[in-house]
Amino acid sequence: MSEPKKILVGEDSSVIINLTKNVLAFENYKMTAARNGKQVLDFMEKEDFDLILMDISMPVLDGLECTKAIREMEEEKKSKIPIIAISGNIHNYTMDDFRKAGFDEFIQKPLDFDKVLATVKKYLSA
């Protein structure tokens, strides 16, 4: 049996973290939660992940700045990790804006967890 895929979730809402963890557990994904962008970067330095779900609006370091920092990492495996933006999108960013910021995909809040799972599978089954 192969190792479960590891997903890092950058999200400051406990409710969304818990719901996401439950949904991902159904597919045997291992989830680690970070409450802000700085914690995301700290986790990235210590271990490898297969995918990141990243909230845009977080304290300390927001998702946009955090994603830029990840894309600039020296280690190619880490800098190329799939990053999916999750956001209420109050700034009305377009998919093009998200791509320019370094995101691979965008999922609108409130989250449709069927869509979250389908999007995660799309990137992790490749």
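What counts and how
- Residues numbered from 1 in each chain as written.
- Predicted model: local features only at pLDDT ≥ 70, side-chain atom pairs only at ≥ 80, totals over all residues.
- Heavy atoms only, no water.
- Helix = DSSP H or I, 4+ residues; strand = E, 2+ residues; numbered from the N terminus.
- Polar contact = N/O pair within 3.5 Å; in protein donor to acceptor, adjacent residues only side chain to side chain.
- Axes fitted to C-alpha atoms, helices over the stretch in contact; angles between N-to-C directions.
- Parallel < 35°, antiparallel > 145°, perpendicular 65-115°, else oblique.
- Left-handed = near helix turned anticlockwise from the far one by under 90°.
- Contact = heavy atoms within 4.5 Å.
- Salt bridge = Lys/Arg side-chain N within 4 Å of Asp/Glu carboxyl O.
- Buried < 20%, exposed > 50% of the residue type's maximum accessible area, 1.4 Å probe, protein only.
- Core = buried A, V, L, I, M, F, W, Y, C linked by side-chain atoms within 4.5 Å.
- UniProt positions renumbered as here; feature names shortened; annotations may be inferred.

**Here we look at the environment of S125**
Considering the arrangement of structural elements, one finds S125 in the segment after α6 (113–124). Along the chain, S125 and K5 lie 120 residues apart, while their C-alpha atoms are 9.9 Å from each other. At a separation of 2.8 Å, a polar atom in the side chain of S125 contacts the main-chain carbonyl oxygen of K121.

**Considerations on the packing of helix α2 (residues 37–46) against helix α3 (residues 63–71)**
Where α2 contacts α3, the axes come no closer than 9 Å and their chain directions differ by 25 degrees. Taken together, the axes of α2 and α3 lie roughly parallel to each other. Where α2 crosses over α3, the two elements pack in a sense that is right-handed. Every residue of α3 that contacts α2 at G37, V40, L41 and M44 is listed here: C66, A69 and I70.

**Comments concerning the pattern of salt bridges**
Scanning all chains against the criterion turns up 11 salt bridges. A salt bridge links D48 to K78, with the nearest nitrogen and oxygen atoms 3.1 Å apart. Here K78 lies in helix α4 (residues 76–79) and D48 lies in the loop between α2 and β3 (51–55), a separation of 30 residues in the sequence. When its relative accessible area of 33% is taken as the criterion, D48 is described as partly exposed. A salt bridge links K100 to D96; the shortest N-O distance between them is 3.3 Å. Of this pair, K100 and D96 both sit in helix α5 (residues 95–100), 4 residues apart, roughly one helical turn.

**Structural notes on the side chain of E11**
Tracing the sequence through the fold places E11 in the loop between β1 (6–10) and α1 (14–26). Here K109 takes part through its side chain, which lies 3.1 Å from a polar atom of the side chain of E11. Apart from residues lying up to four places away in sequence, E11 is in contact with I16, I17, A34, R35, D55, M58, I86 and K109.

**Quick notes on unusual backbone geometry**
Here the bond from K109 into P110 is cis, since omega is -5 degrees, no more than 30 degrees from zero. With respect to the helices, strands and loops of the structure, P110 is situated in the loop between β5 (105–108) and α6. Although it is not a glycine, V60 sits at a positive phi angle of roughly 70 degrees. Taking relative accessible area as the criterion, V60 reaches 65% and is therefore assigned exposed.

**Overview of the nonpolar core**
With 20 residues, the main nonpolar core has V40, M44, I52, M54, I70 and F103 as its most contacted residues. Looking at this core, the elements that each hand over two or more residues are α2, β3, α3 and β4 (83–87). Apart from residues lying up to four places away in sequence, F103 is in contact with M54, I56, G63, L64, T67, I83, I84, A85 and F98. Of all hydrophobic cores here, the second largest spans 19 residues; its members include V23, I107, F113 and V116.

**Focus: the UniProt feature "modified residue: 4-aspartylphosphate" (unreviewed entry) in the protein chain**
Under the local residue numbering, the UniProt record ascribes the feature "modified residue: 4-aspartylphosphate" (unreviewed entry) to D55. Looking at the secondary structure, you find D55 in strand β3. Excluding residues that lie within four positions of it along the chain, D55 makes contacts with G10, E11, D12, G63, I86, S87 and K109.

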